[in-house]
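Residue strings, one per chain:
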Amino acid sequence: MLGKWSLLFSHMCSSSSSLLLLWTLVGLDVVEVSGSQPGIPLSVVKLWASAFGGEIKSISAKYSGSQLLQKDLWAITAPRPGTNSSSEPGSPVKGRINPKNAACLAAWEESGGIRGSPRKHGESFQTAYRKRLLGPNLGPPCTEKYKEPEKSVRVEEIDGVKLVKNLALKLEEVFWKKAEATRRLVEAAEEAHHQHEDNPDLQYEYFNAVLINEVDEEGNNVELGGEFLLEPNDHFNNLSVNLSLSVVQVPTNMYNKDPDIVNGVYWSEALNKVFVDNFERDPTLIWQYFGSAKGFFRQYPGVKWHPDEHGVIGFDCRNRKWYIQAATSPKDVVILIDVSGSMKGLRLTIARQTVSSILDTLGDDDFFNVIAYNQEIHYVEPCLNGTLVRADRTNKDHFREHLKKLFAKGIGLLGVALAEAFTILNEFNQTGRGSLCSQAIMLVTDGATEMYDDVFEKYNWPERKVRIFPYLIGRESAFADNLKWMACANKGYFSQISTLADVQENVMRYLHVMSRPKVIDHEHDTVWTEAYVDSALSQAHKLKDKSGTSLMTTVAMPVFSTKNETKNQGILLGVAGTDIPLQELMKLIPKHMLGIHGYAFAITNNGYILMHPDLRPLYQDGKKRRKPNYSSVDLSEVEWEDKDDILRNAMVKRRTGTFSMEVKKTVDGGRRVLKMHNDYFYTDIKGTPFSVGVALSRGHGKYFFRGNVSVEAGLRDLEQPDVALADEWTYCNTEEQHEHRHLTQIQAIKMFMTGRKTHLKCDRELIQEVLFDAVVTAPLDAYWTGLALNKSENSDKGVEIAFLGTRTGLSRTNLFVPADQLSNQDFLTAEEKEGVFNADHFPLWYKRAAEQVPGAFVYSIPFSTALENKSVVLASTAIQLLDDRKSPIVAGIQMKLEFFQRKFWTACRQCTALDGKCGISCDSADINCYLIDNNAFILVTEEPSQTGLFFGEVEGAVMNKLLQMGSFKRITLYDYQALCREFAGSSDSARSLSNPFTVFKWLLTELVIFLLEFNLYSWWNVDLSVKAQRPRGKTHMVPCDTEYPAFVSERTIKETTGNIDCEGCVRSFVIQQIPSSNLFMVVVDNKCDCSSYPPVTMDPIEIMYNESLKCDRLKYQKDRKKPESCHPFHPEENAMECGSASRLSSPLAAALLPLVASTISR
């Protein structure tokens, strides 16, 4: 008896200490407002919160089966006698509870078993239950014996260094295979060209990508069309393709039957066999292609191309990054543009377009600047006086905007401008910055009165390290000789540009010259692009947003002429390449080893992201938008907590190492934030310019739950109808062999584990873990079935779905209502990206549950459903291990919002008054009652339209007070991939030619001028550019940097009361945490008008940089690793191939005349 009193006293002391600590914490908040809110008794709100919390947790735990899972895991992870760590391998635990008995098992445990037969101290739940099964007339009526093979469990810490090195090897293998496929294309193309003799009269019918399967008015196939068999193929975004043949695309401004194109198409037909052979060797290949230096583009598999609404296809393979990087070496370029008085009108417009086209040919390994000159030197961007900047898309677009401000006046002093350009190139090179390879000066002018040999002799001779590329603007040829001499004397090339139609072709010519040294050296450098989306190609294929805008990288190699007679000319035939979707690379990531918040990422030698989970679509107005310059998102823009770029610079320098830092990760489209500590591990990928890293979050993220069961038991439970595997995870590689493509992942696993498909490549370790998860979670199938069959349960069908997920990507679901009656049918489907296991993230309900207090449920309304009036509430919880670590299993339910809200309002009608008359009620007009989550989003409110909104938008005064009192914290986040609205003002610039039809119309008009030698300029003049501008008063989206807030509750503060002075009227409120949840009840006095307080919003604010800071950002050069290959010049190079004035061919002119006439008549 005395022992019992001692035990009771000890328990009371312990409880008293806890109560004292709780009262101390609460008192800190109450003292400030003690007695100031008599209308909202804290005790009543506490009662409501307790009643609702107990009810909703009971429902969530019951229908999710979390308690059953909890006990099952505790049983199999309990330390063995004599061990003191759950991380040690446990002895095999024989047997498992029969799934058929799972429902009655849970009921028996909740009742405490048979009275008088308590579970012995230290006895596992399963052992006690098994005794009940075997004992006579004891326990629940579930007497079927069930035995299963042994299983053992242990918890291991993940080795990050080993993990990242293994991932690098897998990526290296994939990249090597793609590079080898490209190399085979190069060899075949060079051999085919070597065997071919050009024939200017060659007639050859080929499959034109635009014309295939087109017929004329009489139903006959059009010329260069023909019947071309196309069949849908899911490997190619469900496009209709031909796997036996390729097609040829010719740019809109080029003649389909030009002899150069016909000859090139003819000999490149030999690539068809190699395309098919490559695809048979590696079925994971997607698009293979050859981009010709003549302009045509051969693509495999064959696919139909579609012009836009203006009849134009804005695709020219020669200005794609993969082509430019493969064709030339890195280069430093200074562009000189003449703005003297003679350049007024159309000439200046053509000059602007020429400069813009030159910028298109520069890549991320190049550096440049643009200088305008007349009698003075004018840096187009004054901030960048005397330096060069990297040619990323952001910088190039910045310069294009400044080109609009140029106007012509005065006289042109070319000699001064040339001297300035040579000085910049020399000084920049000496500092060790820039490309440290090729150098060039692009001269855009309408004439030169002398040769300026004194300038060249001073700065460039005899080495001639800087090439000169003059572009003569206009039809006059008076100064052509001087400009051509400059080109020939400085290893450059001269071009004359008379109309806008001439710009593209003539600008491209310099690439052939820059490629000569590489061609003569016969160096087939392999180049890799950063992540990008080719929107023009997607449009031509008529791909939709869901499938067509996937990010990719390209491996490319140059193709050379190997004929002896042209060796010193260094003739570039084109570039061969193949695309690699980043989705394929992401499938190699061992997501199950990275943990809930872990991820893998890769960057280029310039620090730009190749893949990263935060290289993301942007959510605006409920729609996804992609930033146009995704190819130049720097690692520092997503890992922005690394202020000193320690991680970025180490990876750029291709080092192997580790790094750690505190981070803030956003989820749910940026609306919620999680704070954690990440450890980073990184290394380089051999044979590529890439480095790869993995991030592991400390705590549960660095531990792996490893179990072992028999194959027979695992496959049996894996094949149950309620089981699904992560759609974008790779358990077995079914893409490598055509015969495996029809297999689901579960089918492939079964064939692999039973030895029926020994040549299938599978991740045996991952499969073993997913089989273990299938066995451990199998009892829930019967448990959920039992609940569904019990007619007294869930009579109002408030609970719709039960689900669980594991770290291996396995999920189980059970419907408590027919599928067609679900409030939200998108949940756990591909339509709800945040809610499923994806290639780069775990489900949102999984991640959020893992960050909550053990035993608590996380409740939320998916934002996508809140906007569509089909709201539901998700509840999920992480299953806890014996040592307080969370297991890799999360269970939850989906319930109707109306059901959830009804439970809340029912709880709010309870009171402690003996007479049943409560002092306050949520039904009263004097108070407003809300239920919000830990990020302050509203789940329940009297006004349905406020559901899902941020609390601060509805109750700005209360939210401000909660922030002041510390109940909620504001966390500032940054988005360096944002899009902001910008007013489209008027501008007279080449950029204003954004309408493709206007460009085409202008192009054709200028062609008529040229062909007919008739001066239409005074009638149809440069004012046309004004017509092409965006409509006045409209806005458009532009890249920008933004700062935005996120809010999170303070876990240690369970309840708070406060007063708000609203212009002399005191408004009181109470906030009370709902037990075992992430929810808070907020009761607000409604007697005062606090509308003078502004709302608290989550709207992003654009970061405005002043001119000085803008300049510093432009000048700042982050660390980069220069490409190892460099071919600036070659002694055998034929420098006398240095250009001539160009004219469009007469066949093309004749073909375009009818189109010109119809265009002008519009």
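Residues numbered from 1 in each chain as written. Predicted model: local features only at pLDDT ≥ 70, side-chain atom pairs only at ≥ 80, totals over all residues. Heavy atoms only, no water.

1. A look at the overall build of the chain
Worth spelling out the cut-off: To qualify as a helix, a DSSP run of H or I must reach at least 4 residues; to qualify as a strand, a run of E must reach at least 2; elements of each kind are numbered from the N terminus. In this scheme, a residue with accessible area under 20% of its type's maximum is buried, one over 50% is exposed, and one in between is partly exposed, where area comes from a 1.4 Å probe on protein chains only. It only takes one pair of heavy atoms within 4.5 Å for two residues to be counted as in contact. Throughout, the Shrake-Rupley method with a 1.4 Å probe supplies accessible areas, and for residues the shown protein chains are the sole cover considered.
Across its full length, the chain carries 33 helices and 41 strands. A total of 1162 residues make up the chain; the buried ones form 57% of that total. Taking as baseline every contact in the chain between residues at least 6 positions apart, the subset at least 24 positions apart corresponds to 75%. Surface accessibility of the chain: about 49400 Å² in total, with carbon and sulfur atoms responsible for 51%.

2. Details of the pairing of strand β12 (residues 438–445)
Which entries qualify depends on this criterion: Two strands make a pair as long as DSSP finds a minimum of two bridges between them. Classification remark: right-handed applies to a crossover when, strands pointing away from the viewer, the course from the first strand over the helix to the second runs clockwise.
Counting buried positions over the 8 residues of β12 gives 8, a clear majority of the element. Every second residue of β12 is oriented toward a common face, with S438, A440, M442 and V444 on one face and Q439, I441, L443 and T445 on the other, all of them buried. Alignment of strand β8 (residues 331–338) against β12, held across 7 bridges, turns out to be parallel. Across the sheet, D332 pairs through a bridge with Q439, a residue of β12. Here β12 pairs with strand β13 (residues 466–473) via 7 bridges, running parallel. Its bridge partner lying in β13, T445 is registered against L472. Traced from β12 through helix α13 (residues 453–459) to β13, the parallel crossover comes out right-handed.

3. As for the sheet that holds strand β6 (residues 297–300)
The criterion, for reference: Angular values range over 0 to 180 degrees, each being the angle between N-to-C directions of two axes fitted as lines to C-alpha atoms, with helices fitted over their stretch in contact.
The sheet built from 6 strands is open, its strands ordered β4-β6-β5-β17-β16-β15 with antiparallel pairing. One side of each edge strand has no neighbouring strand; the edge strands of this open sheet are β4 (247–249) and β15 (527–528). In the packing of helix α6 (residues 160–195) onto the sheet, contacts are made with β5 (288–292), β15, β16 (552–560) and β17 (572–581), and the angle to β16 comes to roughly 30 degrees.

4. Description of the environment of Y289
As a reminder, the rule being used: In protein, a polar contact means a hydrogen-donor-capable atom and an acceptor-capable atom, both N or O and within 3.5 Å, with residues adjacent in sequence counting only if both atoms are side-chain atoms; elsewhere, any N or O pair within 3.5 Å suffices.
Mapped onto the secondary structure, Y289 falls in strand β5. Owing to a relative accessible area of 2%, Y289 belongs among the buried residues under this scheme. A polar contact of 3.4 Å, which involves the side chain of Y289, links it to the side chain of T554.

5. With respect to the nonpolar core
A general feature of soluble globular proteins is that nonpolar side chains tend to end up buried together. Rules: Working definition of a nonpolar core: buried Ala, Val, Leu, Ile, Met, Phe, Trp, Tyr and Cys residues. They are joined through side-chain atoms within 4.5 Å. Domain delimitation follows an automatic or database domain assignment.
Ranked by size, the top nonpolar core spans 108 residues in total, and within it F175, W322, L585 and Y680 carry the most contacts. By residue number, the principal contributor to this core is α6, which donates 14 residues. A domain split of this core shows at least three residues from each of domain 2 (164–306 + 526–580) and domain 4 (589–700). Excluding anything up to four places from it in sequence, F175 contacts W528, T553, I580, L585, L610, I685, T688 and F690.

6. Things to note about the state of the cysteines
The line we're drawing: Count a disulfide wherever a pair of cysteine sulfur atoms falls within 2.5 Å.
One pass over the full model with this rule turns up 8 disulfides. Between the sulfur of C732 and that of C762 lies a disulfide, 2.0 Å long from S to S. A torsion of 110 degrees about the S-S bond marks the disulfide between C732 and C762 as right-handed. In this pair, C732 sits in strand β27 (residues 732–733) while C762 sits in strand β28 (residues 761–762), placing the two residues 30 residues apart along the sequence.

7. Structural notes on the side chain of Q496
Along the chain, Q496 falls in strand β14 (residues 495–497). Of the polar contacts made by the side chain of Q496, one reaches the backbone oxygen of G474; its length is 2.8 Å. Engagement of the side chain of Q496 in a polar contact is seen with the backbone oxygen of E476, the distance being 3.1 Å.

8. Quick word on the pattern of salt bridges
Here is the rule we go by: Take a side-chain nitrogen of Lys or Arg and a carboxyl oxygen of Asp or Glu: if they are within 4 Å of each other, that pair is a salt bridge.
On inspection of all chains with the given rule, the structure shows 43 salt bridges. Its salt-bridge partner being R400, residue D360 comes within 2.4 Å of it at the nearest N-O pair. Placement of the pair is D360 in helix α10 (residues 346–360) and R400 in helix α11 (residues 393–403), with a sequence separation of 40 residues. Judged by its relative accessible area of 11%, R400 is buried. The shortest N-O distance in the salt bridge between D645 and K1118 comes to 2.7 Å. You can see D645 sitting in the loop between β21 (623–625) and α20 (646–652) and its partner K1118 sitting in the loop between α32 (1107–1115) and α33 (1146–1160), a full 473 residues away along the chain. On the basis of relative accessibility, which here comes to 7%, the residue D645 falls in the buried class. A relative accessible area of 25% means that K1118 is categorised as partly exposed. Salt bridges sharing partners connect three or more residues here, namely D360, R393, D397 and R400.

9. Thoughts on the sheet that holds strand β2 (residues 231–233)
Taken in spatial order, the 3 strands make up an open sheet running β2-β3-β7, and their pairing is antiparallel. Of all the strands in the sheet, the pair left with one neighbour each is β2 and β7 (302–303). Summarising the sheet, strand β3 (residues 239–242) and β7 pair through 2 bridges and their orientation is antiparallel. Looking at β7, one finds that N242 is bridged to G302.

10. Some points on a nonpolar patch on the surface
Note the cut-off: To count toward a patch, a residue needs a relative accessible area above 30% and no salt bridge. Like charges then connect within 9 Å, nonpolar side chains (Val, Leu, Ile, Met, Phe, Trp, Tyr) within 5 Å.
Among the surface-exposed residues, I411, L413 and V416 lie close enough to one another that they form a single nonpolar patch of about 260 Å² accessible area. Within the secondary structure layout, L413 lies in the loop between α11 and α12 (414–430). Accessibility expressed as a relative area gives 35% for L413, which makes it partly exposed.

11. Observations concerning α10
For the record, the criterion: For a helix, the expected span equals 1.5 Å multiplied by the number of residues minus one.
With 15 residues, α10 extends 21 Å from end C-alpha to end C-alpha; this agrees with the ideal 21 Å at 1.5 Å per step. For α10, a buried count of 12 out of 15 residues is recorded, marking the element as mostly surrounded by other parts of the structure.

12. Some thoughts on the packing of aromatic side chains
Quick note on the threshold: Centres within 6.5 Å make a pair out of two Phe, Tyr or Trp rings, where for Trp the six-membered ring is used; the pair is then stacked when the planes are under 30 degrees apart, edge-to-face when over 60, and tilted otherwise.
If you walk through the whole model with that rule in mind, you get 46 aromatic pairs. Taken together, a centroid distance of 4.9 Å and an interplanar angle of 65 degrees make the contact between F175 and W528 edge-to-face. Residue F175 is located in helix α6, and its partner W528 is located in strand β15; the two are separated by 353 residues in the primary sequence. The interplanar angle of 45 degrees and the centroid separation of 4.8 Å between the aromatic rings of Y289 and W322 together place this pair among those described as tilted.

13. Concerning the packing of helix α21 (residues 711–718) against helix α23 (residues 764–777)
So the rule is basically this: Orientation categories follow fixed angle ranges, with anything under 35 degrees roughly parallel, anything over 145 roughly antiparallel, 65 to 115 roughly perpendicular, and all other angles oblique. By definition, any crossing whose near helix is turned counterclockwise from its far helix by less than a right angle is left-handed, and any crossing with a clockwise turn is right-handed. In this classification, Asp, Glu, Lys and Arg are treated as charged, Ala, Val, Leu, Ile, Met, Phe, Trp, Tyr, Cys and Pro as nonpolar, and every other residue, Gly included, as polar.
It is the contact of α21 with α23, at a shortest axis distance of 8 Å, that shows an interaxial angle of 70 degrees. Viewed along their axes, α21 and α23 adopt a mutual orientation that is roughly perpendicular. As α21 packs across α23, the resulting crossing turns out to be left-handed. Across from V711, A713, G714, L715, D717 and L718 in α21, the residues of α23 making contact are L771, A774 and V775. For the contact of α21 with α23, a count of residues per class yields 7 nonpolar, 1 polar and 1 charged.

14. Quick look at unusual backbone geometry
Cis rather than trans, the peptide bond between Y300 and P301 has omega equal to -5 degrees. Its location among the elements puts P301 in the loop between β6 and β7. The omega torsion of the bond from W461 to P462 falls at 5 degrees, within 30 degrees of zero and hence cis. Here P462 lies in the loop between α13 and β13. For L436, which is not a glycine, the phi torsion comes out positive at approximately 55 degrees. Looking at where L436 falls in the secondary structure, it is placed in the loop between α12 and β12. Here L436 falls in the partly exposed class, since its relative accessible area comes to 37%. Within the chain, H522 stands out as a residue other than glycine whose phi angle is a positive 55 degrees. Among the secondary structure elements, H522 is positioned in the loop between α15 (500–521) and β15. Accessibility expressed as a relative area gives 37% for H522, which makes it partly exposed.

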